[in-house]
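# Descriptive structure summary
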Amino acid sequence: MYDIIAVRDEIILVECGDDMKNTKTCKMICKILYAVSVILAVAFVVSIIVDRYNYDNVLTSAPFYAAVLARTVEFLLPCVITLAAAVIMNKK
């Protein structure tokens, strides 16, 4: 049985057996996925702060919430996907 993990543009196949939870490989992959999820969440907050600082009502025709929505798709969607993959792998 294989688990498919999507990390940005790459797809990683991880072989999962019954003893997969006890292996060092699975634990390492779970830790990496959790770390990537946290990094994406922190990057989202930082990018929103920077965008708010650089946002100008006069020069920008789009409202600020449009920029927040774009950053949400850019950072939080991959964050949720990697977090879900880590939780699913941790349960197996």
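As a reminder, the structure under discussion sits directly above these lines.
On a predicted model such as this, the values are computed, not experimentally measured, just so you know. (Residues numbered from 1 in each chain as written. Predicted model: local features only at pLDDT ≥ 70, side-chain atom pairs only at ≥ 80, totals over all residues. Heavy atoms only, no water.)

### Some details on the environment of Ile-88
Residue placement: Ile-88 occurs in helix H2 (residues 64-91). According to the relative accessible area criterion, Ile-88 is partly exposed, its value standing at 48%. Between the C-alpha atoms of Ile-88 and Cys-30, which are 58 residues apart in sequence, the distance is 9.2 Å. (Helix = DSSP H or I, 4+ residues; strand = E, 2+ residues; numbered from the N terminus. Buried < 20%, exposed > 50% of the residue type's maximum accessible area, 1.4 Å probe, protein only.)

### Re the side chain of Ser-37
Relative to the elements of secondary structure, Ser-37 occurs in helix H1 (residues 24-54). Look at Ser-37 and you get buried, because its relative accessible area is 5%. Polar side-chain contacts of Ser-37 include one of 3.3 Å to the backbone oxygen of Cys-79. Every residue in contact with Ser-37, bar those within four places of it in the chain, is listed here: Cys-79, Thr-82 and Leu-83. (Polar contact = N/O pair within 3.5 Å; in protein donor to acceptor, adjacent residues only side chain to side chain. Contact = heavy atoms within 4.5 Å.)

### Notes on H2
Over its 28 residues, H2 extends 39 Å from the first C-alpha to the last, a length consistent with the 40 Å expected when each residue adds 1.5 Å. The largest bend in H2 is about 35°, located at Thr-72. Within H2, the full set of buried residues consists of Phe-64, Phe-75, Cys-79, Thr-82, Ala-85, Ala-86 and Met-89. (Expected span 1.5 Å × (residues − 1). Bend = angle between axes of the 7 residues up to and from the residue.)

### Considerations on the packing of aromatic side chains
Across all of its chains, the model carries one aromatic pair by this definition. Between Tyr-55 and Phe-64 the ring centres are 5.4 Å apart and the planes differ by 65°, which places this aromatic pair in the edge-to-face class. In this arrangement the basic side chain of Arg-52 is found over the ring face of Phe-64, its NZ or CZ atom lying 5.2 Å from the centre. (Phe/Tyr/Trp six-rings, centres within 6.5 Å; stacked < 30°, edge-to-face > 60°. Lys NZ or Arg CZ within 6 Å of the ring centre and 35° of its normal.)

### Notes on the pattern of salt bridges
The tally for this structure, following the rule as stated, stands at two salt bridges. Two residues, Asp-51 and Arg-71, come together in a salt bridge whose shortest N-O distance is 2.7 Å. One end of the pair, Asp-51, is in helix H1; the other, Arg-71, is in helix H2, with 20 residues separating them in the sequence. With its nearest N and O atoms 3.0 Å apart, the salt bridge here joins Glu-74 to Arg-71. (Salt bridge = Lys/Arg side-chain N within 4 Å of Asp/Glu carboxyl O.)

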